[in-house]
Structure formats: C-alpha cells, structure tokens
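# Architecture at a glance
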Amino acid sequence: MKILITGGLGFIGSAVIRRLIDTTNDEILNLDAQTYAASPEAVAGAAMSNRYRFEKADITDQTAVAQLFESFAPDAVMHLAAESHVDRSIDGPGEFIQTNIIGTFNLLQAARAHLDAHPELRQSFRFHHVSTDEVFGALGPDDAPFKASTAYSPRSPYSASKAASDHLVRAWGETFNLPIVLSNCSNNYGAFQFPEKLIPLTIIRGLRGESLPVYGTGENVRDWLLVDDHARALIKTMKQGSLGQTYLIGGDSERTNLAVVETICDLLDERTGLLTSGPRRSLITFVADRPGHDLRYAVDASVTKEELGWTPSVSFEQGLADTIDWYLNNQEWWQRILEERYSTARLGTEPTK
Ligand code: NAD
Ligand code: DAU
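Residues numbered from 1 in each chain as written. Chains lettered and ligands numbered in written order. Predicted model: local features only at pLDDT ≥ 70, side-chain atom pairs only at ≥ 80, totals over all residues. Heavy atoms only, no water.

Another point: the overall build of the chain. In terms of regular secondary structure, the chain is built from 11 helices and 12 strands. Relative to the compact-globule value of 20 Å for 353 residues, the chain shows a C-alpha radius of gyration of 20 Å, a close match. Expressed along its principal axes, the backbone C-alpha trace of the chain runs to roughly 65 × 45 × 45 Å. Burial analysis of the chain (353 residues in total) assigns 54% to the buried set. Contacts in the chain between residues at least 24 apart in sequence constitute 81% of all its contacts with a sequence separation of at least 6. (Helix = DSSP H or I, 4+ residues; strand = E, 2+ residues; numbered from the N terminus. Rg over C-alpha atoms; globule rule 2.2 N^0.38 Å. Buried < 20%, exposed > 50% of the residue type's maximum accessible area, 1.4 Å probe, protein only. Contact = heavy atoms within 4.5 Å.)

Surveying the vicinity of ligand 1 reveals 28 residues, the closest of which are I12, D32, S84, Y158 and K162. Interatomic distance of 3.0 Å between a backbone N/O atom of L80 and an oxygen atom of ligand 1. At 2.6 Å from an oxygen atom of ligand 1 is found a side-chain nitrogen or oxygen belonging to K162. When the free accessible area of ligand 1 is taken as 830 Å², the share hidden by the protein chains comes to 96%. Of all the secondary structure elements, the ones that give two or more residues to the shell around ligand 1 are α1 (11–23), β5 (126–132), α5 (157–176) and β7 (187–189). In terms of residue count, the dominant contributor to the shell around ligand 1 is β5 (3 residues). (Near = heavy atom within 4 Å. Polar contact = N/O pair within 3.5 Å; in protein donor to acceptor, adjacent residues only side chain to side chain. Areas by Shrake-Rupley, 256 points an atom, 1.4 Å probe, with all protein chains shown as cover.)

Inspection of the entire model under this criterion finds 2 cavities of 30 Å³ or more. Estimated volume of the largest cavity: approximately 60 Å³. Lining the largest cavity, in full, are V86, E134, R155, S156, S159, R222, R290, P291, G292, H293, D294 and Y297. A class-by-class count of the residues in the lining of the largest cavity yields 3 nonpolar, 4 polar and 5 charged. Here the second largest cavity is characterised by a volume of approximately 40 Å³. At 3 residues, strand β9 (residues 221–226) tops the list of elements feeding residues into the lining of the second largest cavity. In terms of residue class, the lining of the second largest cavity is made up of 7 nonpolar, 3 polar and no charged. (1 Å grid on protein atoms, 1.4 Å probe; cavity = no way out; pocket = protein on both sides within 12 Å on 5 of 7 lines; lining within 4 Å. Points joined across faces, edges and corners; volume = space filled by probe spheres on them. Nonpolar A, V, L, I, M, F, W, Y, C, P; charged D, E, K, R; others polar.)

On to the site of ligand 2, then. Among the 22 residues in the neighbourhood of ligand 2, the closest are listed as T132, D133, Y158, R290 and H293. At 2.8 Å from an oxygen atom of ligand 2 is found a side-chain nitrogen or oxygen belonging to E134. At 2.9 Å, a side-chain N or O of R222 approaches an oxygen atom of ligand 2. Within the complex, the protein chains bury 94% of what would otherwise be the 690 Å² of accessible surface of ligand 2. Those elements giving two or more residues to the shell around ligand 2 turn out to be α6 (198–207) and β8 (212–215). Counting residues per element, the shell around ligand 2 draws most heavily on β8, which supplies 3 residues. The residue inventory of the shell around ligand 2, partitioned by class, reads 9 nonpolar, 7 polar and 6 charged.

What follows is the structure in structure tokens.
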C-alpha cells in the first residue's frame, strides 16, 4: 500500500511509521510541518528505507496538501497531525483551531479530489482519522467506560477541536461518500513522548531531583496504553476496519495521576538510587489545578479487540518500567529538547489569547 501519514514526526505517528517500515512492504509519505513537537530522530531508522519519503508541509496549506495527494497518489491516509497538548490549548487555542479543524478539512477535500480523479481507488481507499477519548468528556468515578455510541461532550479547546474534526470526517463520509474510519484512543506513553506530557515530564524532572507537579489533588484518572500497542491497533484499524466505523482503543489500565507519579518515583529510586534528600516521592508537589480538568477517562475497547483481533501486549507496570529505561538510555534526545524548545515549565494556567 501507499500510505500518506500526517504528523509522522510526532510521538504516535513515528511509532506507526517505524512499525510499518519494519513489518510491511508499504510505501510511506510522511507529511509533517515539523512543529516544536516533531522528532526527526524518531524515524531515523525508517528514513534509511527507500519506501519512506518525508515532505515538510503544513496541513493548513490547502495547495501543498493537494499537490502531495497528486504526486504520491495514496491508497490510504492515516491522519495524526495535530496540536496535541491540552495545557497549550489553554494558553493559545488558535493553533488548535487551525491545525486540528482547518487542517483536517483540507485533507478531507484533497482526499475527495483524489478519489474523483482516481475512481478505481474508491473501493479500497481509506481515510483514517486518529482521535482521542477526550471528545467524550469526563466520567464520574463509577460511570461505565466510554463506548463509540457515547455522546460527545468535549470540555477543553484541544478536545473540542478534535471533536470538530471527528464530526467533519463523519460528515464527509455521509455526504461525499468518502471511505472513512475513525479511532479514539486513551492516554499513550512510551519512547519519544515530548516532555510536556505527564509521564516523560515526571521521569525527567525526577531524574534531575526537581519538584514533581501534580495538578489539583492527583485523583484524576487516565487510562494508559503503550504507544507501540496503539500503533499496532492503528495499523489494524486502517487495514481491516469496517467502513464508517469508530474503534475505541485503550489499555484497560486506569490509574490516578498520583499513583502514576508515585510509581515513577519508586522505579527511578530503584534504578538510580535515592537522592541525597531521600526518596523521590518527597518531590511530589500539589499545584493549582488545570482549568476544566476532566476527572476521569476510560474506554471500552471490547469491539476493537473482537473485530480487529487486537489486545495490549504489556501491563502498565512493565510498559512504564521499559519507558523509564528508554528515557535513561536516551538522555541526549530529551536534553536537546530541554535546551532548545521546552524547559519543563508549567503550561496552561494563564489563558493569554
Ligand atoms: P504530537 O504532538 O507528538 O505530534 C504531532 C505531530 O504533528 C508533530 O510531528 C507535528 O510537527 C505535526 N503537526 C502539528 N501541526 C501540524 C500541521 N499544521 N501540519 C502538519 N503537521 C503538523 O502528537 P501525538 O501525541 O503523536 O498525537 C498524534 C495524534 O494522536 C493526534 O491527532 C492526537 O490528537 C491523537 N491522540 C494522541 C494521544 C496521546 O496520548 N498522545 C491519545 C489519543 C489520540
Ligand atoms: O486521553 C487522550 C489524551 O491524552 C490525548 O488526546 C492528548 O493528546 C494527550 O496529551 C493526553 O491528554 P492529557 O491531558 O490526559 O495528558 P497530560 O500528559 O497532559 O496529562 C495527564 C494527566 O496528568 C492529566 O490529568 C493532567 C495531569 N498532569 C499533567 C502534567 C503535565 C499533572 O498532574 N501534572 C503535570 O505536570
């Protein structure tokens, strides 16, 4: 297959590309604007393959997107490019509207034009939109996990922009007969995750003996999935998913934020020894809550498991331990980010735009 992947220099897109290059004969075009969140290092191995091509382009640029569809003539699109960090969407929602909504619109229009020009592709073509469980809003402690039929109730600028893009994709499927499939996943963790997110931020700050910020009371719950397991599920969704369907993907690993941070502290103590001040748990600092902080997410991934024959490969505890080892062994990667692009300072407290 010829697969156009957007956002392939990002955390999840790069994991998808590594897996596709390693395990298939597919040809990849990686379309990425190389924002602050991009990591070319994450696809360095894949880039050695003659089945991989990179184009630096912005999905908000309709002309560039249309030209790339024409020159590459994809059999499928996996659309992952997005502004992905909730805290940044509080500080500056404008880019989220541009990339996540307008950018998705441009890709849908380009895919329509592509199929009009190549009607023979219509039967097999797929436009796979990669989305988030956050579109469903917040669960209470005893609520059942989200299902694909759960009503949308996004509450942050990020999740509202992803909900809008989900709606656009479904509308293009219904109205223009575009062959679409969607997936909505829970929180990912693993190699090459940008240090703004909870798990890498805690690992890095914990290693450096810095305070570990926990928003509010730390009782908020997320469901964690290793990024490589998500990548495997995404490839199955794109290749085997039923037309028009939404697949929920999750790790069946709900944890409070405080429990996640405490586990990271203990694993770091085991690996690198205690700090001179004692165990790393003493670094935990409760800070002002995120505005509009969703209490709990959890997804019911049973349909995905049954229909696509997918299941997570590791427990959260094993995946977290492996992830900590990865950050210990790849300090050059994140130290460069800290020097050049992001110092691990708090984001998302003071709306400015
Ligand atoms: P990320 O922030 O790590 O990477 C995003 C990538 O998109 C970057 O390489 C960036 O350069 C690129 N990009 C951003 N704006 C662009 C634009 N205008 N044009 C072209 N490229 C652009 O994100 P991620 O964590 O890998 O998330 C990928 C997708 O998965 C997103 O759509 C996100 O909403 C979704 N998702 C993420 C998670 C998670 O836990 N990280 C969970 C569920 C769903
Ligand atoms: O649920 C899927 C979503 O998961 C994805 O769609 C998003 O792209 C991804 O960023 C992630 O969103 P979250 O807001 O859940 O992830 P984040 O790592 O920012 O925060 C996880 C939890 O930890 C959240 O409840 C806020 C809290 N937190 C976060 C940071 C950065 C803290 O307590 N302290 C922190 O320093």
